[in-house]
2 protein chains.
Amino acid sequence: MAPIESVTVSPEPPQPPYTVTVGAGVLGQLSVPGRVALIYPEDLPPQWLQQAQTSLQPHVALRVPARDGCKTLAVYTDLLSQLAQAGLTRQDAVVGLGGGAVTDLAGFLAASYLRGVSFYTVPTTLLGMVDAAVGGKTGLNLPEGKNLVGAFWSPLHVWCDVNTLATLPPQTFREGAAEVFKHSLIADPALQERVLDPAFGPSDPQLTATVAAAIRVKADIVSRDPREKGERAFLNYGHTLAHALEAWSGGRLAHGDAVGYGLHYAALLGRALGLADVTARTAAFLAWQQPQPLPPLSFEALQPYLARDKKADLGGVRWVLLREPGQPTLQHVPLAVLREAFRQWQADVYDGSNALS
Amino acid sequence: MAPIESVTVSPEPPQPPYTVTVGAGVLGQLSVPGRVALIYPEDLPPQWLQQAQTSLQPHVALRVPARDGCKTLAVYTDLLSQLAQAGLTRQDAVVGLGGGAVTDLAGFLAASYLRGVSFYTVPTTLLGMVDAAVGGKTGLNLPEGKNLVGAFWSPLHVWCDVNTLATLPPQTFREGAAEVFKHSLIADPALQERVLDPAFGPSDPQLTATVAAAIRVKADIVSRDPREKGERAFLNYGHTLAHALEAWSGGRLAHGDAVGYGLHYAALLGRALGLADVTARTAAFLAWQQPQPLPPLSFEALQPYLARDKKADLGGVRWVLLREPGQPTLQHVPLAVLREAFRQWQADVYDGSNALS
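The structure contained in this document is the topic of the report that follows.

What counts and how
Residues numbered from 1 in each chain as written. Chains lettered and ligands numbered in written order. Predicted model: local features only at pLDDT ≥ 70, side-chain atom pairs only at ≥ 80, totals over all residues. Heavy atoms only, no water. Pairing = 2+ DSSP bridges. Helix = DSSP H or I, 4+ residues; strand = E, 2+ residues; numbered from the N terminus. Axes fitted to C-alpha atoms, helices over the stretch in contact; angles between N-to-C directions. Contact = heavy atoms within 4.5 Å. Buried area = accessible area lost by both parts, 1.4 Å probe. Salt bridge = Lys/Arg side-chain N within 4 Å of Asp/Glu carboxyl O. Polar contact = N/O pair within 3.5 Å; in protein donor to acceptor, adjacent residues only side chain to side chain. Nonpolar A, V, L, I, M, F, W, Y, C, P; charged D, E, K, R; others polar. Buried < 20%, exposed > 50% of the residue type's maximum accessible area, 1.4 Å probe, protein only. Least-squares fit on C-alpha atoms with pLDDT ≥ 70 in both. Parallel < 35°, antiparallel > 145°, perpendicular 65-115°, else oblique. Left-handed = near helix turned anticlockwise from the far one by under 90°.

**As for the sheet that holds strand E1 (residues 4–9) of chain B**
Residue and element names in this part refer to chain B.
- With mixed pairing, the seven strands of this open sheet are ordered in space as E1-E2-E9-E6-E5-E3-E4. Each edge of the open sheet carries a strand with a single partner, namely E1 and strand E4 (60–64). The mean angle between the axes of side-by-side strands here comes to 15°, regardless of whether they run parallel or antiparallel.
- When strand E2 (residues 18–23) meets strand E9 (residues 157–161), the two strands line up parallel, connected through five bridges.

**Here's the deal with the interface of chain B and chain A**
- Taken together, the contact pairs 31 residues of chain B with 31 residues of chain A.
- Of the roughly 2400 Å² buried between chain B and chain A on both sides combined, carbon and sulfur atoms contribute 57%.
- Of all residues in chain B, Arg115, Glu144 and Leu148 of chain B bury the most surface against chain A, accounting for 26% of the area lost on that side.
- Counting across the interface, chain B meets chain A through two salt bridges.
- Glutamate 228 of chain A is the salt-bridge partner of arginine 90 of chain B, the closest N and O atoms lying 3.4 Å from each other.
- Counting across the interface, chain B meets chain A through twelve residue pairs in polar contact (both at pLDDT 80 or more).
- Sorting elements by how many residues they give to the side of chain B that touches chain A places helix H2 (residues 73–85) of chain B first, with seven residues.
- Among the residues making up the side of chain B that touches chain A, the classes are represented as 17 nonpolar, seven polar and seven charged.

**Side note on the pairing of strand E7 (residues 137–142) of chain A**
Residue and element names in this part refer to chain A.
- Counting buried positions over the six residues of E7 gives five, a clear majority of the element.
- Where E7 and strand E8 (residues 145–152) come together, five bridges link them in antiparallel fashion. The residue of E8 that forms the bridge with threonine 138 is alanine 151.
- Here E7 folds back onto E8 in antiparallel fashion, the turn holding two residues.

**Details of the sheet that holds strand E3 (residues 36–41) of chain A**
Residue and element names in this part refer to chain A.
- With mixed pairing, seven strands are arranged side by side in an open sheet as E1-E2-E9-E6-E5-E3-E4. A single partner strand is all that each edge strand has here, and the edge strands are strand E1 (4–9) and strand E4 (60–64). Shown here is a sheet whose adjacent strand axes are inclined to one another by a mean of 15°, direction ignored.
- Relative to E4, E3 is paired through five bridges, and the arrangement is parallel. Bridged to proline 41 within E4 is valine 64.
- Strands E3, E4, strand E5 (93–98) and strand E6 (118–123) of the sheet are contacted by helix H3 (residues 100–112), whose axis makes an angle of about 170° with E5.

**Remarks on the relation of the copies chain B and chain A**
- Rotating chain B by 180° and moving it 0.0 Å along the rotation axis overlays it on chain A with an RMSD of 0.0 Å. Seen this way, the second copy is the image of the first under a two-fold rotation axis.
- With an isologous cut-off of 70% or more, the 100% of interface residues of chain B that recur at the interface of chain A puts this contact in the isologous class.

**Some thoughts on the packing of helix H2 (residues 73–85) of chain A against H3 of chain A**
Residues and elements named next belong to chain A.
- Relative orientation of the contacting elements H2 and H3 amounts to 50°, with a least axis distance of 11 Å. Taken as axis vectors, H2 and H3 run oblique relative to one another. H2 and H3 meet at a crossing whose hand is right-handed. Contacts between H2 and H3 pair Val75, Tyr76, Leu79, Leu80 and Leu83 from the former with Leu105, Phe108, Leu109 and Ser112 from the latter.
- Classifying every residue of the contact of H2 with H3 by side-chain character gives eight nonpolar, one polar and no charged.

**Re the packing of helix H8 (residues 239–248) of chain A against helix H11 (residues 299–307) of chain A**
Residue and element names in this part refer to chain A.
- The interhelical angle for the contact between H8 and H11, taken along N-to-C directions, is 115°, at an axis separation of 8 Å. Judged by the inter-axis angle, H8 sits roughly perpendicular to H11. For H8 against H11, the interelement crossing comes out right-handed. In this structure, H8 contributes Thr240, Leu241, Ala244, Leu245, Ala247 and Trp248 to the contact, and H11 contributes Ala301, Leu302, Tyr305 and Leu306.

Structure follows, in structure tokens:
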């Protein structure tokens, strides 16, 4: 009998606490009161859609474009009309089944249809489980930028069926692993060991425990800081460089890959400043993750993208660093240190073999 | 020196209490921290736009179609991009200046841009001041129906400059008066006298006090019931027939006119059931309001529209009625009583002169 784990998340009142259920086969146990509008992406493996439909018996099932193709106002506008035509009321619910993009879209739909209806998620990617599913952020992209429109709207229950991770492309699983590893670095040293264990992967017998532990790190932080006023910033460990790389690549670099790169850069900064030295671990993770290779890139070219970080204040960008493993801190870093660490980072991550396609 | 009145509204936490400032000339006193995106309708009299721009110094001023023409997802989508292009951040604010349609749109924009920014309103119609400005409801229409998308998002301050009411078409002022009169019926007998006083109008020296009293009725109710779980339903006095008439007319009947008709019908129902008899007052109000005349209409034709009321439960529609003036109650009404009161209502409101154009 495979274990089932539960994590409790406490959003900002008046939204009630909710449970994240993690385990193999939980797709067969979905239970939602009221009529259900099920939102799922066109690239969802058919068996997961079928299992969800069997257990949920949705009133309507609405297919949307894959990945960020669904996070548009055009898709949102179309879905709102479909909910109205299906006659869904305030007693009914929206369920998002798929990766983080679909649950972000479904959440904003639930937050705004009839000024708010019940929302549930069934993430089917590792990134969706350990990052998007917890924290209440929902949203869409604009042509002007990512996640520029949305709402804080928490689900009433999240089901993470780890069986779905076995049908992901290996690269997509490793992408999500970057967020698991990040959670381990900022809060859970034991989780570090699990991620760096050779057994870690979609068929790891410890997968339920690992996913639940990663979710627990984020759940604890967002429960203490639901509106991103303080320590929630620590979840951005590695993300200052990651977001800059994503923007610089024009969206061609996957988020999890960018985070893998960013974690190593943050580790190098910490070492340079005499804080914790986790560089051997982030290098080991990168070697396992095999993120998409980068084309040649100078610090000067990346600098304007780094400056856009939302954690910037009048003194410049504030970086999440580790005083000790599991003890994050937020601080400014001198430009000379940033530049020298970037040189070291380049030496570590470039193998010269090929470039971002 | 003209009086300035203040009303405090307490929305659902974590949203903070806010003040509604009512008075002549308050448009010159607007004060908003951060940069401002000002949203206003194309039919706004130029002097009000100019006064607001002088006191607010907006970063951007965005013009939208008049009345419900602005409450569309197309306008919303366009405004989101304009806010992003203007570089507005979470420290900035959206200000809605105009009637209830514009403040509804601006509120949903503020609720969802960057997952929520500060929101302020400057209503310039009587309906916008006494109804839309208080209660936190924001929203847009869908082709499938009105207000089917939106959020609860309260302003941080509301300024009601009663000078703006003098530039309204007289019919638009009288439309808003229906909501003032409704507030007086459900909670404030002294306010009834003011509305039925021959001096009541845009140049009434008591106008600030009257508007503030009407706002106070709604503010008190929504502060006790921000999410429409209980007594907030009392604000729907007269609205069951009103919404049915609006839907039946295909939107050609103005809301305030429909409310005028609906108040008299609710009064007739109350009298028929042996509750309070306010029929003489609602008839006097109707005679003053001169709502748009209605074409011939049978109870049977209206019945399906009445049945859609959101206050319906398994026992049918629940009507807001008055036990005593100022003491609303919610109850089912037998079909025979509804039909007989409708016959009486027809006799009272039809003068046979002309029909809804």
